[in-house]
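# Remarks on the overall topology
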Amino acid sequence: MSETPIPRDFFAREADEQTLFLHETWCDHCQQLNLGMRDPVEYELHGIVFIEGRCCQCGEVVLTELTDDDF
């Protein structure tokens, strides 16, 4: 059973919150912290909110899973 992601509007977030999520990242490819993310897309899947974009250094996919601590 496959659930379709529910699109959310990343840019509806406050500017400070956007900046935080775009800068505080982890890139699995570069194995480095806080390289930044570009082209963010926010969605909900299986009740979990994700922000997905591209690493500013290497261009690989960066995925941030938001937890209750992030709100």
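Scope of this entry: the structure provided in the associated data block. The shown structure was predicted, so the numbers you read here are calculated from the model rather than taken from an experiment. (Residues numbered from 1 in each chain as written. Predicted model: local features only at pLDDT ≥ 70, side-chain atom pairs only at ≥ 80, totals over all residues. Heavy atoms only, no water.)

## Comments concerning the sheet that holds strand E4 (residues 37-45)
A sheet is described by the order of its strands in space; here four strands give the open sequence E1-E4-E5-E6, paired in antiparallel fashion. Only two strands of the sheet have a single partner each, and these edge strands are strand E1 (6-8) and strand E6 (61-66). Mean inter-strand twist for the sheet, computed between neighbouring axes without regard to direction, equals 30°. Of the strand pairs in this sheet, E4 and strand E5 (residues 48-55) are connected by seven bridges, and their pairing is antiparallel. If you follow Tyr43 over to E5, its bridge partner there is Phe50. (Pairing = 2+ DSSP bridges. Helix = DSSP H or I, 4+ residues; strand = E, 2+ residues; numbered from the N terminus. Axes fitted to C-alpha atoms, helices over the stretch in contact; angles between N-to-C directions.)

## Notes on the pairing of E6
The two faces of E6 differ: Val62, Thr64 and Leu66 on one face are buried, but Val61, Leu63 and Glu65 on the other face are not. Pairing of E5 with E6 involves six bridges; the strand directions are antiparallel. Opposite Arg54, over in E6, you have Val61 as the bridge partner. Once E5 ends, the chain turns through five residues before running back antiparallel as E6, passing Gly59 with a positive phi of about 85°. (Buried < 20%, exposed > 50% of the residue type's maximum accessible area, 1.4 Å probe, protein only.)

## Quick notes on the nonpolar core
With 11 residues, the main nonpolar core is built from Phe10, Phe21, Leu22, Cys27, Cys30, Met37, Val49, Ile51, Cys55, Val62 and Leu66. Of all the secondary-structure elements, those providing two or more residues to this core are helix H1 (15-23), E5 and E6. In terms of residue count, E5 provides more of this core than any other element does, three residues in total. Beyond its immediate chain neighbours, meaning those up to four positions away, Cys55 contacts Cys27, Cys30, Leu35, Gly36, Arg38, Glu60 and Val62. (Core = buried A, V, L, I, M, F, W, Y, C linked by side-chain atoms within 4.5 Å. Contact = heavy atoms within 4.5 Å.)

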